[in-house]
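# A closer look at the structure
In case you want the letters, here they are:
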Amino acid sequence: MRTLVINLTRFGDLLQTQPVISGLKARGEEVGLVCLDNFAGATELMRGVDAVFPLPGAALLAGLDRNWRDGLSVLWRWAEGNLRPFGAQKLLNLTATLPGRLLTRLAGDAPQVGFGLDAYGFGRNSSAWAAFLVASSRNRGSSPYNLVDQFCEVAGLGRTGRDYSLAGADPGARARAAGLLADVPAGCRGLVGFQLGASAAVRRWPLENFAALGALLWNEHGLCPVLLGSPAEMELGARFAALGAGPALDLTGRTSLAELAGVLERVRLLVTNDTGTMHLAAGLGVPICAVFLATAQPWDTGPYAEGCLCLEPDMPCHPCGFHHACTLDHACRRTVEPGAIYHYIRRWLENGAWTAPETRDAGHGLRAWVTRRDAFGGMDLESLTGHEAEDRTAWIRIQRHFYRQFLDGETPEVMLRAPGLSAGFLAEVGPVLEQSAQVLFVLREQVAALARAPVASLKSRVLGNFERLSGLWGGNPRFAVLGDMWREQSQECAKDFGALSPLVGSWHLLLDAWSQTVQRMARKLN
């Protein structure tokens, strides 16, 4: 089997394709990988890629600037000359954008897995997991699975052996990295990596906090910060140095991706924002302390490695939505304090484990999680700061329970040991779940009747119940992912009315079990 994998995302997400590639290789498949040309260097750090096809993104954008036909022509000619000769027998697209979907059509006539286009040019998702990935990625509060696990599910891989092990730097890159790290200050007893930048300024821990943490690590432990970042982040390194908090090796903009891997292999710990560098470190087995701010949260974009520390502000508004206009002057960036992070790192340096705060005050202002595997082989989080009992965590765990069964095609079961939700939260979600189950029950009967006798008045009632469901879910952040996924799947079934009845039936089973679970929880409180 020859499989072509398409991933047109950034550096970090591209690296996170590794478990998919490893899973395909374990099946004996030959793997080609399509990526953006400016991130093609990352493929040198990956295992099991038999052929790389860098998409000329700049040329494509230039063509689109002139005329959409020019852009499409660039894409078509490139696919004809590069992808079709590969002779893929399966096309696995992990990028839900239009260019990614177009490539699945242009790359050949093999079966499409993941995100593709139908014969009429409309978007098509090959599975319920693919539809869920599209829907959950838009809604921060309903994204309970790590992206790597979702990639693997979309690819149809099993839940065992999800190996996120990158190849690392070659000997030449390791030697160059050693040269870059040679000029350490006197008294240095080790190195700690600082990834200063992030994809957006609001997702970046303040430089002053990095500097304060660096001073603590140097003064108390002799650990010298190594500043990491792309050429675009060199000014962050200069500003860090200007703060004069202590010694540091500034490598921002001075490493290739392979040399960056070589540097990471030599640090004791990486302190980072949610970045590609974090995902590179996870694949190299480097210990990680990561800070998640604004739209970033560890449940879905956290490091895919056990035993990493993930920190986020303990604020009701975190994580915020992608298009949310902050009214708090991005207070989350100031909430995670250097002293709080130092507490965890100090304990880790002393006993090799991330441990709970010594006192309640030590963990004040943040949520601390350690990454671990769940019972199904996926990446999960364990709270160090007592946040397992919070509504947000309980709701995530409930979503993980129901979505896994539903997306796997199983009959969802009532949670007999559901985590507790507060009375106020139950009062918010309970009526929505109950009404949803009732509407889906009626809709299931209507669709069955409509299949027997396509009466115009019945069609109108069916459409009315479709609208009711959209209204129940679309405006509610707790259920927005349901609204998006329902729209994705029901539109697919609109092309095949015979598939609509089983779809509605499966959705009714999901919402009925979910509603019964919440009702049981409410009765326990009364």
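Conventions and cut-offs
Residues numbered from 1 in each chain as written. Predicted model: local features only at pLDDT ≥ 70, side-chain atom pairs only at ≥ 80, totals over all residues. Heavy atoms only, no water. Axes fitted to C-alpha atoms, helices over the stretch in contact; angles between N-to-C directions. Helix = DSSP H or I, 4+ residues; strand = E, 2+ residues; numbered from the N terminus. Left-handed = near helix turned anticlockwise from the far one by under 90°. Contact = heavy atoms within 4.5 Å. Nonpolar A, V, L, I, M, F, W, Y, C, P; charged D, E, K, R; others polar. Pairing = 2+ DSSP bridges. Expected span 1.5 Å × (residues − 1). Salt bridge = Lys/Arg side-chain N within 4 Å of Asp/Glu carboxyl O. Buried < 20%, exposed > 50% of the residue type's maximum accessible area, 1.4 Å probe, protein only. Arc of directions from axis to C-beta. Core = buried A, V, L, I, M, F, W, Y, C linked by side-chain atoms within 4.5 Å. 1 Å grid on protein atoms, 1.4 Å probe; cavity = no way out; pocket = protein on both sides within 12 Å on 5 of 7 lines; lining within 4 Å. Points joined across faces, edges and corners; volume = space filled by probe spheres on them. Right-handed = clockwise from strand over helix to strand, strands pointing away. Phe/Tyr/Trp six-rings, centres within 6.5 Å; stacked < 30°, edge-to-face > 60°.

## Concerning the packing of helix 8 (residues 171-180) against helix 11 (residues 257-264)
Running from N to C, helix 8 and helix 11 cross one another at 65°; their axes reach a closest spacing of 8 Å. Judged by the twist between their axes, the crossing of helix 8 over helix 11 is right-handed. Residues A173, R176 and A177 of helix 8 touch helix 11, and the partners they reach there are A258, E259, G262 and V263. Here the residues of the contact of helix 8 with helix 11 are counted per class, giving 4 nonpolar, 1 polar and 2 charged.

## Some points on the sheet that holds strand 10 (residues 269-273)
Hydrogen bonds along the backbone pair up the strands of a sheet, which may run parallel or antiparallel. In spatial order, the strands read 9-8-7-10-11-12-13-14; together these 8 strands make up an open sheet with mixed pairing. Only two strands of the sheet have a single partner each, and these edge strands are strand 9 (249-250) and strand 14 (379-383). With 5 bridges connecting them, strand 13 (residues 366-373) and strand 14 associate as antiparallel partners. Its bridge partner lying in strand 14, W369 is registered against S383. In the packing of helix 9 (residues 207-221) onto the sheet, contacts are made with strand 7 (190-195), strand 8 (223-228) and strand 10, and the angle to strand 7 comes to roughly 175°.

## Structural notes on helix 9
Taking 1.5 Å per residue, 15 residues should reach 21 Å; helix 9 reaches 21 Å between its end C-alpha atoms and fits that length. Buried residues in helix 9 make contact with strand 7, strand 8, helix 10 (234-242), strand 10, helix 14 (332-335) and helix 15 (338-351).

## As for the pattern of salt bridges
As enumerated under the stated definition, the model contains 28 salt bridges in all. The salt bridge involving D408 is made with R404; its shortest N-O contact spans 3.9 Å. Assessed through its relative accessible area of 27%, D408 is described here as partly exposed. A residue is classified by how much of its surface remains accessible, and R404, at 13% relative accessible area, is buried. Via salt bridges that share partners, D149, E153, R159, R162, R404, D408 and E410 belong to a single interconnected network.

## Side note on helix 18 (residues 456-474)
In this model, helix 18 (19 residues) spans 27 Å end to end at C-alpha, consistent with the 27 Å of a helix rising 1.5 Å per residue. Among the residues making up helix 18, those that are buried are L458, V462, N465, F466, L469, L472 and W473. Each buried residue of helix 18 sits inside an arc of 125° when the element is viewed along its axis, so together they form one side. Within helix 18, the exposed residues directed more than 90 degrees away from the buried face are A456, L463, E467, G471 and G474. On the buried face of helix 18, the contacting elements are helix 17 (423-452), helix 19 (480-493) and helix 20 (500-525).

## So, the nonpolar core
By size, the foremost hydrophobic cluster in this structure holds 118 residues, and its most contacted members are L280, W473, W486, W507 and W514. The leading source of residues in this core is helix 17, at 11 residues. Residue contacts for W514: discarding those within four places in its chain leaves W395, I398, Q399, F402, Y403, L433 and L482. Formed by 36 residues, the second largest nonpolar core is a distinct cluster that contains V192, W205, L236 and I345.

## Observations concerning the layout of surface pockets
If you add up the space inside the largest pocket, you get close to 1400 Å³. Around the largest pocket sit 48 residues that line it, and R10, F11, G12, D13 and S199 are the ones nearest its centre. Within the lining of the largest pocket, the residues separate by chemical class into 18 nonpolar, 22 polar and 8 charged.

## Some remarks on the pairing of strand 10
For strand 10, the tally of buried residues reaches 5 of 5 residues, placing the bulk of the element in the interior. Taking every second residue as pointing to the same face, both faces of strand 10 are buried, with L269, V271 and N273 on one and L270 and T272 on the other. For strand 7 and strand 10, the ladder comprises 4 bridges, and the chain directions are parallel. When the bridges of strand 10 are listed, Q195 appears paired with T272. Sheet topology note: the strand 10/strand 11 (residues 288-291) ladder contains 4 bridges and is parallel. Its bridge partner being in strand 11, L270 is matched across the sheet by I288. Of the crossover connections in this fold, the one passing from strand 10 over helix 12 (residues 276-284) to the parallel strand 11 is right-handed.

## A short note on the environment of R487
Residue position: R487 is located in helix 19. Residues R487 and L469, spaced 18 residues apart in sequence, show a C-alpha to C-alpha distance of 9.8 Å.

## A short note on the packing of aromatic side chains
Tallied over the entire structure, the rule returns 22 aromatic pairs. Each ring, one from F53 and one from F86, has its centre 5.5 Å from the other, and the planes form 75°; the classification is edge-to-face. Of the two residues, F53 sits in strand 3 (residues 51-55) while F86 sits in the loop between helix 4 (68-83) and strand 4 (90-93), which places them 33 residues apart along the sequence. Taken together, a centroid distance of 5.5 Å and an interplanar angle of 90° make the contact between Y403 and W514 edge-to-face. With Y403 in helix 16 (residues 391-407) and W514 in helix 20, this residue pair connects regions lying 111 residues apart in the sequence.

## Quick notes on unusual backbone geometry
The phi dihedral of A294 falls on the positive side, at around 55°, and the residue is not glycine. With respect to the helices and strands, the residue A294 is situated in the loop between strand 11 and helix 13 (298-301). For A294, a relative accessible area of 5% gives the class buried.

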